[in-house]
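# Observations on the three-dimensional arrangement
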Amino acid sequence: MRRMSKKQKIKDNEESILKKSMYTGFVGGVLFSLLGSAMYYFNFLEVTPKFYLLTSWVSAEWTDTWLGVLFTTILAGVVSLLTAYLYYLILKKIKYMWAGMIYGFILWVILFILFHPIFSDIPAVMEWSINTWITTICLFILYGTFIGYSISYDYMDSMQTEDIIEKS
């Protein structure tokens, strides 16, 4: 069996963090897309992830079936890879969950306020009920906390692993 050098072990550890971050992003996107769809189904929301990720671009009948929800869920996971990568690049060293909460709120502002002109057929934020406001903000804060805390935890854990590798 070939022995790896310390530099190779550290490089492998850094690549492992990025892979875990991407996995976390995909799982977070899928999980919170399903949660958002369930909240829409139970009338907690007036908008669903499907409105933003699918029906704004595709007007086929299949988008209103279970296949539309499935496709939206997978697409949300893919889009979430980008948000996880951004968090990894910018905020991974912050070990407090407040960073993730703020990140989630910033994502909410970007999607629902700044990007609203792209989604012209979806009601504006000011037309939403208070239930939709509170639910979407809470959902995005939870999403940001999930992404942020998971990535930061993996990063801090890997730093401890690198310290152990360097001391050995």
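The rules we used
- Residues numbered from 1 in each chain as written.
- Predicted model: local features only at pLDDT ≥ 70, side-chain atom pairs only at ≥ 80, totals over all residues.
- Heavy atoms only, no water.
- Phe/Tyr/Trp six-rings, centres within 6.5 Å; stacked < 30°, edge-to-face > 60°.
- Helix = DSSP H or I, 4+ residues; strand = E, 2+ residues; numbered from the N terminus.
- Buried < 20%, exposed > 50% of the residue type's maximum accessible area, 1.4 Å probe, protein only.
- Lys NZ or Arg CZ within 6 Å of the ring centre and 35° of its normal.
- Expected span 1.5 Å × (residues − 1).
- pLDDT = per-residue confidence, 0-100.

### Topic: the packing of aromatic side chains
Counted under the stated rule, the structure contains 14 aromatic pairs. Seen in terms of ring centroids, F32 and Y143 are 5.7 Å apart; in terms of plane orientation they differ by 80°. Their pairing is edge-to-face. In this pair, F32 is assigned in helix α1 (residues 6–41) and Y143 in helix α5 (residues 130–167), connecting sequence segments 111 residues apart. Arranged with centres 5.3 Å apart and planes meeting at 75°, the rings of F112 and F140 form a pair that is edge-to-face. On the criterion of sequence distance, the pair formed by F112 in helix α4 (residues 97–114) and F140 in helix α5 is long-range, its members being 28 residues apart. With a relative accessible area of 5%, F112 lands in the buried category. Of note, K92 hangs over the ring of Y88, and the distance from its end group to the ring centre comes to 4.2 Å.

### Focus: helix α3 (residues 66–91)
The periodicity of an α-helix, 3.6 residues per turn, causes residues three or four positions apart to be oriented the same way. With 26 residues, α3 extends 36 Å between its outermost C-alpha atoms, agreeing within 8% with the 38 Å of an ideal straight helix rising 1.5 Å per residue. Those residues of α3 that fall on the buried side of the exposure criterion are G68, T72, T73, A76, G77, S80, T83, A84, Y87, Y88 and L91.

### A few points about the confidence of the model for the chain
A residue-level look at the chain finds 95% of positions with pLDDT of 70 or above and a mean pLDDT of 89. When the elements of the chain are averaged for pLDDT, helix α2 (residues 49–55) gives the smallest value, 84, and α4 the largest, 95.

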